[in-house]
Amino acid sequence: MTIFERGAPGRRAYRLPVLDVPAKPLDELVPPRARRQGPLLLPELSELEVIRHYTDLSHRNWAVDVGFYPLGSCTMKYNPRINEAVAALPGFSRIHPYQPEETVQGALELMYRLQQYLAEITGMHAITLAPAAGAHGEFLGLLLVQAYHRHRGEEKSRRQIIVPDSAHGTNPASAALAGYEVVVVPSNKEGGVDVEELRRLVGPATAGLMLTNPNTLGLFEKEITEIASIVHGAGGLLYYDGANMNAILGVCRPGDMGFDIVHLNLHKTFSTPHGGGGPGAGAIGVTERLIPFLPGPRVEYDATSGKYRLQPAGPLSVGRIKEFYGHFGVMVRAYTYIRMLGPTGLRQVAEAAVLNANYLQARLRASGLYVFPYSRRCMHEFVCSARRQREESGLRATDLAKRLIDYGYHPPTVAFPLVVEEALMCEPTETEAKETLDGFAEALIAVAREAKENPDVIREAPHTTPVSRLDEVRANRNPVLNWRMRQAVVQKEKGREEERG
Ligand SMILES: Cc1ncc(COP(=O)(O)O)c(C=O)c1O
């Protein structure tokens, strides 16, 4: 039941406080042309009804705080509560972007220090905290690539961005959004970039290459320095998709691998609760030669006055890409996370993430029930395949994933990366205990056995959720996003049914 179907006219959960400033005629405050003409169609409920509604919805949801969430590529790890406590401090949570700089020196100092830590962690020279998500960072990164080539008079000729066929979908999408032609470089048998193919593809039209390392197959690009020299040799730039940074924190740095631009998903690697669309932060790091193109404002420290200030963008900047300076709450959490762990702790994050993924991979491999397309040791995640289940019982990776829900686990990522048929991509993260990994491995093994013995139970799964299989294609093609629209769709469908008799 939606919230609009609950309650009754006149019920209230909130009353506005008594006016404690002089009353003014409404016309003076909001001109009639800007005012709503009809009533505001809000649901009318008591406080208890509101609480029950949202508590009920939250029980239907899944979260890292509820159970294991091995959604590959998404780094769904535990977010320490200390981050929340710090982000909620009034000095951070009750400030306003329009406050004078002298009154928010602490917040600016936090941003400044975070910029410095992230520069050190990535091996970059400067950081902007502005982008609101990883994909937003990618888009900004590509604008920087464009600005760099424009400055050198090569913007018109360098029209291509190369992406591997294993890339996350946002990479080609961001490149296309920035106006680039996307050129796909295939993966080799080992799951890395096919270097010979790359050599063939680069040329005077190459603006850059987008790459994540470890890649989306959870495999380290061993030939990264060779890849960097091929792209640089052709005059292009290297963009690092840092969504997989959890695997290499404190161990190696994109800057040292030869990357020019890096985005970090602060909400993944540096632990802000995410999923369901936000909030995020896709900080971007760049090498020296790209600093002039960064958007403003960035936080600078003025040694003479001893003050932090928001430095506006310079004349070559790509311009502002987000109102104010980004998602400050995510920055506070990332800063707290880094300070709590320190350099040794950050390295341990990566080591434990890689260990957990390899342990899970080894257990599943030993079962002999799933296909493993690559024999290499993995990094923080791995991809196996339900190809055998499809051949034997006609089941798809999605079917197996849905059945895992009945066993009490969030499914791995399915159908991605595209280079693996019936892909199941598992990222256990460093925050999970061995028992959890064992439980999940046993569930996956049990599901594979069921696939042989009783495939129908999988085909119809999940059996334990409030709703079972949703029509995802219809939901995408015909999204019903608000209450009145929903009513209209229901009416239309009723009409159609009546016509059919
Ligand atoms: C490899 C990779 N790149 C980019 C992104 C995009 O990040 P965001 O979801 O913050 O836009 C993701 C997110 O899932 C990812 O896994």
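Residues numbered from 1 in each chain as written. Predicted model: local features only at pLDDT ≥ 70, side-chain atom pairs only at ≥ 80, totals over all residues.

## Describing the sheet that holds strand 2 (residues 160-164)
And step 1. On the basis of which strands lie adjacent, the open sheet formed by seven strands has the order 1-7-6-5-4-2-3 and mixed pairing. A single partner strand is all that each edge strand has here, and the edge strands are strand 1 (126-128) and strand 3 (181-185). With direction set aside, neighbouring strand axes in the sheet form an average angle of 25°.
And step 2. When strand 5 (residues 237-242) meets strand 6 (residues 261-264), the two strands line up parallel, connected through four bridges. Bridging from a neighbouring strand, tyrosine 239 pairs with isoleucine 261 of strand 6.
And step 3. Contacting strand 1, strand 6 and strand 7 (284-286), helix 5 (residues 105-122) crosses the sheet at an angle of about 120° to strand 1. (Pairing = 2+ DSSP bridges. Helix = DSSP H or I, 4+ residues; strand = E, 2+ residues; numbered from the N terminus. Axes fitted to C-alpha atoms, helices over the stretch in contact; angles between N-to-C directions. Contact = placed C-beta atoms within 7 Å.)

## Focus on helix 5
And step 1. Compared with an ideal rise of 1.5 Å per residue, which puts 18 residues at 26 Å, helix 5 spans 26 Å between its outermost C-alpha atoms and is within 8% of the ideal.
And step 2. Those residues of helix 5 that fall on the buried side of the exposure criterion are Ala107, Leu110, Met111, Leu114, Gln115, Leu118, Ile121 and Thr122. Here the buried residues of helix 5 occupy an arc of 140° about the axis, which is enough to place them on one side.
And step 3. Phi turns positive, to about 80°, at glycine 123, one or two residues after helix 5. (Expected span 1.5 Å × (residues − 1). Buried ≥ 20, exposed ≤ 12 C-beta atoms within 10 Å, placed from the backbone. Arc of directions from axis to C-beta.)

## Here's the deal with the packing of helix 6 (residues 134-151) against helix 7 (residues 170-177)
And step 1. Put simply, helix 6 and helix 7 touch, their axes get as near as 9 Å, and they point 45° apart. With respect to helix 7, the element helix 6 is oriented oblique. As helix 6 packs across helix 7, the resulting crossing turns out to be right-handed. Across from Gly134, Ala135, Glu138, Phe139 and Leu142 in helix 6, the residues of helix 7 making contact are Thr170, Asn171, Ser174, Ala175 and Leu177.
And step 2. Looking at the contact of helix 6 with helix 7, its residues break down into five nonpolar, four polar and one charged. (Parallel < 35°, antiparallel > 145°, perpendicular 65-115°, else oblique. Left-handed = near helix turned anticlockwise from the far one by under 90°. Nonpolar A, V, L, I, M, F, W, Y, C, P; charged D, E, K, R; others polar.)

## Digging into the sheet that holds strand 10 (residues 382-385)
And step 1. Taken in spatial order, the three strands line up as 10-12-11 in an open sheet, and their pairing is antiparallel. Sheet topology places strand 10 and strand 11 (413-414) at the edges, where each strand pairs with a single neighbour.
And step 2. When strand 10 meets strand 12 (residues 423-426), the two strands line up antiparallel, connected through four bridges. Counted as the bridge partner of valine 383 is methionine 425 from strand 12.

## Notes on the nonpolar core
And step 1. Ranked by internal contacts, the top residues of the largest apolar core, which has 115 residues, are Leu129, Leu144, Ile261, Met331, Ala334, Leu400 and Leu424.
And step 2. Counting contributing residues, this core receives three or more from each of domain 2 (83-340) and domain 3 (352-459). (Core = buried A, V, L, I, M, F, W, Y, C linked by C-beta atoms within 7 Å. Domains from an automatic or database assignment.)

## With respect to the domain arrangement of the protein
And step 1. Taken as a whole, the protein is organised into domain 1 (3-60), domain 2 (83-340), domain 3 (352-459) and domain 4 (470-501).
And step 2. The C-alpha-based centres of domain 1 and domain 2 are spaced at 41 Å.

## What about unusual backbone geometry?
And step 1. Here the bond from glycine 296 into proline 297 is cis, since omega is -10°, no more than 30 degrees from zero.
And step 2. Of the consecutive residues phenylalanine 416 and proline 417, the connecting peptide bond is found in the cis state with omega at 0°.
And step 3. Looking at the secondary structure, you find proline 417 in the loop between strand 11 and strand 12.
And step 4. Of note in the backbone geometry, alanine 415 takes a positive phi value of approximately 65° without being a glycine.
And step 5. Structurally, the position occupied by alanine 415 is in the loop between strand 11 and strand 12.

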